[in-house]
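Listed below, chain by chain, are the residues.
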Amino acid sequence: MKNLPAPFAPLVTGGEGLDLYPAEPRALAARMGEVHGVAADRVLPVRGLTHGLELVFRLAAREGLFVEAPDAEPYRALAALYAPPAPGAERAAVILRALGSPEAVAEMAERIAPALLVVDEGLAEFSDSASAATVIEAHANLVVLRSLSLAYGLAGARVGAALAQPATLARLASVLEPYALPEVSVRLALQALDPSRLMETAQRLAVVGSERARLSKALSREMVVEHGFGPILMARPADPDAAVAALARLGIAGDRAGDRLRLPVSANVEVNDRLLAALGLAATPTRAHRTGQAVRDTKETRIVCAVDLDATGPVSIHTGVGFFDHMLEQIAAHGGFSLRLSCEGDLHTDPHHTIEDSAIALGQALKQALGERKGITRYGFVLPMDEAKASVSIDLSGRPYPVFEGTFSTPFIGDYRTDLTAHVFRSLAEHLGAAIHVSVTGDDDHHKTEAVYKAFGRALRQAIKVEGDVVPSTKGVL
């Protein structure tokens, strides 16, 4: 029965190929190597960081050796799964939980050789410290464990990696069960690690870091606070049990760790303000930012787009079509909002798919950010640029209706196809849910194109402005 495929495909969306047993995750190993800065043969994909730790315990148990690990979860639970070694057994491995400098790791690797030194870097992305993976080439007994759980939002997919020299990885692989990593998890990991995703992942991590600093400053006025690792803070409130109960009432999952309280740090300012309120610390009242995100994956493009209508930055666009990047930057700059868009498209074929799909993703992100569209101005812009003049009328009604009046005689501006300009605004209208009427005249196609994008940004700036708290419609809904 080994490797026998199922006689039919699964009845699930996106289940193509899941009737087959998983193949070796070589593509994932290569991509993880690129992200972590090591060669592909220095990567063993595993089922989350905990699975990597378990391989170490399995290896030690098989060889009758013991593992020296911190007295904390998940190490305590893993140690309990395996029979204790015989009295006088030698040490197979030492596990370090805290991140240290590569130099300190290298020094310890030298000191405990030939035992394995296993460095738990499951939260490395949230730290400013350099990864211990930078010194694995010099230390055959060094294993660095990484995870996609928190930094990449894939805790439920269970994907991680052990980084080490090939001979050391072979030892770990010798106790690896068959088909250890499900194909579904491999696919999700490859999507999360796609170059089109990394810009937004970095932005998310930066937001968490900023919010952790803000929470720490606020909490430290009333209690002792330790930063800890990753998206958490360790605090010592006067009454930890009462604090846990107060957090739970506001939907915050704080938990006890001895006399300390482990507090989660969210990328959502509102959630963090609730945390402060639960602990009796008033946050500065702020209206929640209107944010939206779109992820679009097709056979032609892979796109992540994120907007914040109530922040002016950052603005970062990478589509591979230089002039189009510049035009999207004009929309964000003149619209007065933060826009991050990254696209990996089939530019070897034509820029059409990249431009069209990026416009679709931008429309979807804007629609999500507008939400119920309460309080917005709703309407808006005529903009001259030298001899060119562009008029953009917009109605954020929720009803798509594109109109484009204007022609271009120049086929390309750089790699940008001018005939796609009308297509861009049609896609925006359809996926944003807006009537967008564009009219442009002039002699220079560069000026005409740029005027259209700038005018759209200005019209959007007018239309998204909040001037009240009701839906701007006699129907009461948009």
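So, how was this worked out
Residues numbered from 1 in each chain as written. Predicted model: local features only at pLDDT ≥ 70, side-chain atom pairs only at ≥ 80, totals over all residues. Heavy atoms only, no water. Helix = DSSP H or I, 4+ residues; strand = E, 2+ residues; numbered from the N terminus. Buried < 20%, exposed > 50% of the residue type's maximum accessible area, 1.4 Å probe, protein only. Areas by Shrake-Rupley, 256 points an atom, 1.4 Å probe, with all protein chains shown as cover. Lys, Arg positive; Asp, Glu negative; His and termini not counted. Charge placed at Lys NZ, Arg CZ, Asp CG, Glu CD. Salt bridge = Lys/Arg side-chain N within 4 Å of Asp/Glu carboxyl O. Arc of directions from axis to C-beta. Contact = heavy atoms within 4.5 Å.

(A) Spatial organisation of the overall build of the protein chain. Helices and strands together make up the secondary structure of the protein chain, namely 13 helices and 20 strands. Among the 478 residues that make up the protein chain, the fraction classed as buried is 47%. Here the protein chain displays about 22400 Å² of accessible surface, and carbon together with sulfur accounts for 55% of that area. For the protein chain, the distance from the average position of its 47 positive side-chain charges to the average position of its 57 negative side-chain charges is 5 Å.

(B) Main features of the pattern of salt bridges. The tally for this structure, following the rule as stated, stands at 30 salt bridges. Here Glu-226 ties to Arg-236 by a salt bridge, and the two come within 3.2 Å at their closest N and O atoms. With Glu-226 in strand β7 (residues 224-226) and Arg-236 in strand β8 (residues 232-236), this pair connects stretches of sequence that are 10 residues apart. Salt bridges sharing common partners tie together Arg-47, Glu-54, Arg-58 and Glu-177.

(C) Structural context of unusual backbone geometry. The amide bond that connects Glu-73 to the next residue, Pro-74, takes the cis arrangement and shows omega of 5°. Relative to the helices and strands, Pro-74 resides in the loop between β2 (66-68) and α3 (75-81). Between Gly-313 and Pro-314 the backbone carries a cis peptide bond, its omega angle lying at 5°. Within the fold, Pro-314 resides in the loop between β12 (301-308) and β13 (315-318). Backbone geometry places Tyr-179, a non-glycine residue, at a positive phi of 50°. Following the sequence through the fold, Tyr-179 ends up in the loop between α5 (166-173) and α6 (183-192).

(D) The arrangement of helix α4 (residues 102-112) in detail. Turning to α4, its buried residues number three or more, namely Pro-102, Val-105, Ala-106, Met-108, Ala-109 and Ile-112. What you see down the axis of α4 is that its buried residues fit within an arc of 165°, all on one side. Within α4, the exposed residues directed more than 90 degrees away from the buried face are Glu-103, Glu-107, Glu-110 and Arg-111. Of the surrounding elements, those touching the buried residues of α4 are β3 (91-96), β4 (116-120) and β5 (142-147).

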